Amino acid sequence: MLSEKEFISLIEGQESSILDFKQKMYDFSDKDKATSDFVKDVICMSNTIRQSNSYIIIGIEEKKNGEKIIHGLDDDIDDAILQDKVKNKVFPRPIFSFYKLNYKNTKFGIIEFPITKYSTPLTPTVKLRGLEIGKVYYRQGTSNTEALV
């Protein structure tokens, strides 16, 4: 779980291969798009080679010029719901946690991906919009990318 000091350091930085900002929580009422976007983000963050934990911070919008707009988290969702969204759609099963963090009277959502050594890269086990079964995806800079083999 992030400390306030670590959180401040992250939000003062820019998006990267280990940090992604989302303006708002994935809208799971649009099941196909939100679920595929979420699953792809989880796969990409989990598969990216890194030296530290990686994060998706929900409630911050980063403009193309690097300016950040604070929105905060307005949806009340918990870790179990997010875990359920990937449990039968990804193999091996990704390890991540979701929690809320309050900073300056604003609530943010944090999806944290610890460094985990998996037996194989994570891949989708079902076809979803923008994802093919068995393909490997990872984060390159600020973009999610398919690995070419």
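### Side note on the overall build of the chain
Phase 1: Along its length, the chain carries three helices and ten strands.
Phase 2: Going residue by residue from the N terminus, the α and β elements of the chain occur as α-β-α-β-β-β-α-β-β-β-β-β-β.
Phase 3: Radius of gyration (C-alpha) of the chain: 15 Å, near the 15 Å computed for a compact globule of 149 residues.
Phase 4: When the backbone C-alpha atoms are referred to their principal axes, the chain occupies close to 40 × 35 × 30 Å.
Phase 5: Counting only residues that meet the buried cut, the chain has 42% of its 149 residues in that class.
Phase 6: Of all intrachain contacts in the chain linking residues separated by at least 6 positions in sequence, the fraction that spans at least 24 positions is 65%.
Phase 7: Approximately 8,300 Å² of the chain is accessible, and the part contributed by carbon and sulfur atoms is 49%.

### Comments concerning unusual backbone geometry
Phase 1: A cis geometry characterises the amide bond from F91 onward to P92, with omega recorded as -10°.
Phase 2: For P92, the position within the fold is in the loop between β5 (90-91) and β6 (97-103).
Phase 3: Phi is positive for K104, which is not a glycine, with a value near 50°.
Phase 4: Mapped onto the fold, K104 is located in the loop between β6 and β7 (106-113).
Phase 5: A residue is classified by how much of its surface remains accessible, and K104, at 65% relative accessible area, is exposed.

### So, the sheet that holds strand β2 (residues 54-58)
Phase 1: Taken in spatial order, the four strands of this open sheet run β1-β2-β7-β6, and their pairing is mixed. Bordering the open sheet on either side are β1 (19-22) and β6, each of which pairs with just one other strand. Geometrically, the sheet is characterised by an average inter-axis angle of 25° between neighbouring strands, direction not taken into account.
Phase 2: The pairing of β1 with β2 spans four bridges and is parallel. Counterpart to K22 in the pairing with β2 is I58.
Phase 3: Packed on one face of the sheet, helix α1 (residues 4-12) meets β1, β2, β6 and β7 and runs near 90° to β6.

Rules used throughout
Residues numbered from 1 in each chain as written. Predicted model: local features only at pLDDT ≥ 70, side-chain atom pairs only at ≥ 80, totals over all residues. Heavy atoms only, no water. Helix = DSSP H or I, 4+ residues; strand = E, 2+ residues; numbered from the N terminus. Rg over C-alpha atoms; globule rule 2.2 N^0.38 Å. Buried < 20%, exposed > 50% of the residue type's maximum accessible area, 1.4 Å probe, protein only. Contact = heavy atoms within 4.5 Å. Areas by Shrake-Rupley, 256 points an atom, 1.4 Å probe, with all protein chains shown as cover. Pairing = 2+ DSSP bridges. Axes fitted to C-alpha atoms, helices over the stretch in contact; angles between N-to-C directions.

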